[in-house]
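Notes for the structure review
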Amino acid sequence: MADTDRGLTAVAIAPDVGAAIVGADGRVEAFGPREAAQRLTAIEAAGVRWAWWNKDTCAELASMEIEPSKCWDLSAVHRLLVGGWRSGPERVWASALGLDTSTIPTLQPVDLFTQAIDAGDVEDPVGPDGHLRPEWVQGGWSESLDRLVRWAGLVADVQRAQSSQLAARRRGESDAALRHRHQTALSESAAEIVCTELEVHGLPFDRTVGERLVAGFVGRRPVDAADERVVLGELDAPVLAHLPAGAAVDLRSPDQVRSLLRRAGIEVPDTRAWRLEALRSEHPVVDALLTWRRAERIRTTFGYPWMDDNVGADGRLRGRWSGSDGAAGRMTATAGLHNMPSEMRPAVAAEPGHVLVRADLGQIEPRVLAAVSGDERLAAATQDDDMYAPVAQRLRVEREIAKVAVLGAMYGQTTGRGAEALRGLEREYPVAMGHLRSADEAAQGGHDLWTYGGRRIRMSGNLVEGMSDGDARSRAAARGRYGRNAIVQGAAAEFFKTWAVLVRLRSRPFGARIVLCLHDELVVHTRADVADEVRDVVDACLQEAAVRWAPPADSPVRFVADTSVIERWSQAK
């Protein structure tokens, strides 16, 4: 067992039943609901690393006002090892023990067409087939203290199996890569703690400002269904004013919108925003329609019902968070937390006496490419605050062309403005371009990929039999584009989460909390009187993350962030 696992303690919690733990030394304890909080608090204070099935257990600890410092999240490690996003206990168990996941049992009602199967001792969480019993997975584990003990014991079993899988050396893999994969498992697990705290504490939201912003786009709040029809009519009126009197068009129907445009002499195959943007000067109705669409998006996605559903009485906006989207491993959130339009950002505001420390990673994906590929020339470019400037100088092109070329290389875009510069990238940065090309070729061939941190990116299940040659080539090319981007984006996600978990730990003495993780952007809520200290912590953690994630001896890449202290999210540059 690795040094980091010696203090590992498997835990299972059911609020009305109690809690059970299994220590690394095999020690088993069970506590009733009255003593669970006190005992678990004492265990946390001893500096253990918790192990649990998923972050639901972390949420139970949070309900007891226990903030775990570190953990081993079986679900997060499973997604790292196996790829994809499905990570229920039944699948985690099957993968850890090498069982066929296609044979995982499900609960089936006994009726005229089915019959009960002898499943052995139902008090055993594992059935005769070796899989977890579905009734246990669906909540049976929480019915008694004895079952909690068994469930925690399974956590310990799976953790040991996962630890062994992480330590299994792939062909040609170095000791450093093995250590890095284990470290990634720990940071991915800790990211689930960050996700739990984001759910529990939420994002500070000024509802008064939010209501005013929505009203500015869609009008007043309707009082009932009839009044809502009146408000919608007022919203639609500026667009419909361009029609002849008495003409009716449903602006929420793409076909009818095309008909509207046709009456204005504009023929389009579809009504996508990018297509209409190019036609603004053709007729005033186009500008009115685009303005209406922006308001309609606010109304349907970030309007009054959205605030009612997601903003609590405490002025916090909450959604569900996941540490991995299952593809390249980026953090995801519901309730619009990851796609809130800029128009609504003034409503995200620090509470009285507090501020927001906001940090946005600069050019993270090309810097990550320099690190994971080991391209010394590209690494040298990262020493500049704007790494596209030295790249442009080397390619003898304008900065914007160099940027398009670098991004195009990572996304598989080989035509357009950056095509000629892309050939220059092949010449000037052959190591980085070779890294991307290898991923592209492997993905086209249906071979799985692994990120720098060891996350599996499944490509082998994307081959389809019976396609025409043209369709097969098109599908292969799409796999290649996805593969070359996923190895960079996935590594960038791992770097970001390493940074975030460090910020969480290092800022705790100041009472600060991460309240938003948005792709490459981190927002921390803190008292105003310690804002400068927290800002320094955020910047210091970035440098610490760079050392932990990509040791300078291996890749002297410089990572940068734009960090500022603001009162409202909209004040960020």
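Residues numbered from 1 in each chain as written. Predicted model: local features only at pLDDT ≥ 70, side-chain atom pairs only at ≥ 80, totals over all residues. Heavy atoms only, no water.

1. Some points on helix H10 (residues 254-263)
Put simply, the rule is: Relative accessibility thresholds used throughout: buried, under 20% of the residue-type maximum; exposed, over 50%; partly exposed, between the two (1.4 Å probe, protein chains only). Each helix is a run of DSSP H or I of at least 4 residues and each strand a run of E of at least 2, with the numbering of both proceeding from the N terminus. What the arc measures is the spread of directions leading from the helix axis to the C-beta atoms. Working rule for contacts: check all heavy atoms of both residues, and any pair within 4.5 Å makes them a contact.
Along H10, the residues that are buried comprise Val257, Leu260 and Leu261. Angular distribution of buried residues about the axis of H10 spans 95°; they occupy a single face of the element. Next to the buried residues of H10 lie helix H9 (225-240), helix H11 (273-277) and helix H12 (284-301).

2. Re unusual backbone geometry
The phi dihedral of glutamate 65 falls on the positive side, at around 65°, and the residue is not glycine. In this model, histidine 519 sits at a positive phi of 60°, which is unusual for a non-glycine residue. If you trace the backbone, histidine 519 turns up in the loop between strand S13 (513-518) and strand S14 (521-527).

3. Focus: the sheet that holds strand S3 (residues 28-31)
Note the cut-off: One requirement defines pairing of two strands: DSSP has to find at least two bridges between them. The axes used here are C-alpha line fits, helices contributing only the stretch in contact, and every angle between their N-to-C directions lies in the interval 0 to 180 degrees.
Strands sit in the order S3-S2-S1-S4-S5 across an open sheet of five strands; the sheet is mixed. Strands at the two margins of the open sheet, each flanked by one partner only, are S3 and strand S5 (71-73). Averaged over all adjacent pairs, the angle separating strand axes in this sheet is 25°, with direction ignored. Relative to strand S4 (residues 49-52), strand S1 (residues 8-14) runs parallel, the two being bridged by three bridges. Its bridge partner being in S4, leucine 8 is matched across the sheet by arginine 49.

4. With respect to the packing of helix H14 (residues 364-373) against helix H19 (residues 430-444)
Heads up, the rule is: Note that the term roughly parallel is reserved for angles under 35 degrees, roughly antiparallel for angles over 145, roughly perpendicular for angles of 65 to 115, and oblique for everything else. Classes in brief: Ala, Val, Leu, Ile, Met, Phe, Trp, Tyr, Cys and Pro nonpolar; Asp, Glu, Lys and Arg charged; the others, Gly included, polar.
Direction vectors running N to C along H14 and H19 enclose 90°, while the axes themselves pass 9 Å from each other. When the axis of H14 is compared with that of H19, the two are roughly perpendicular. Where H14 abuts H19, its residues Leu369, Val372 and Ser373 lie against Val431, Ala432, Met433, His435 and Leu436. Residues that form the contact of H14 with H19 fall into these classes: six nonpolar, two polar and no charged.

Remember that the coordinates give geometry; whether it matters functionally is a separate question.
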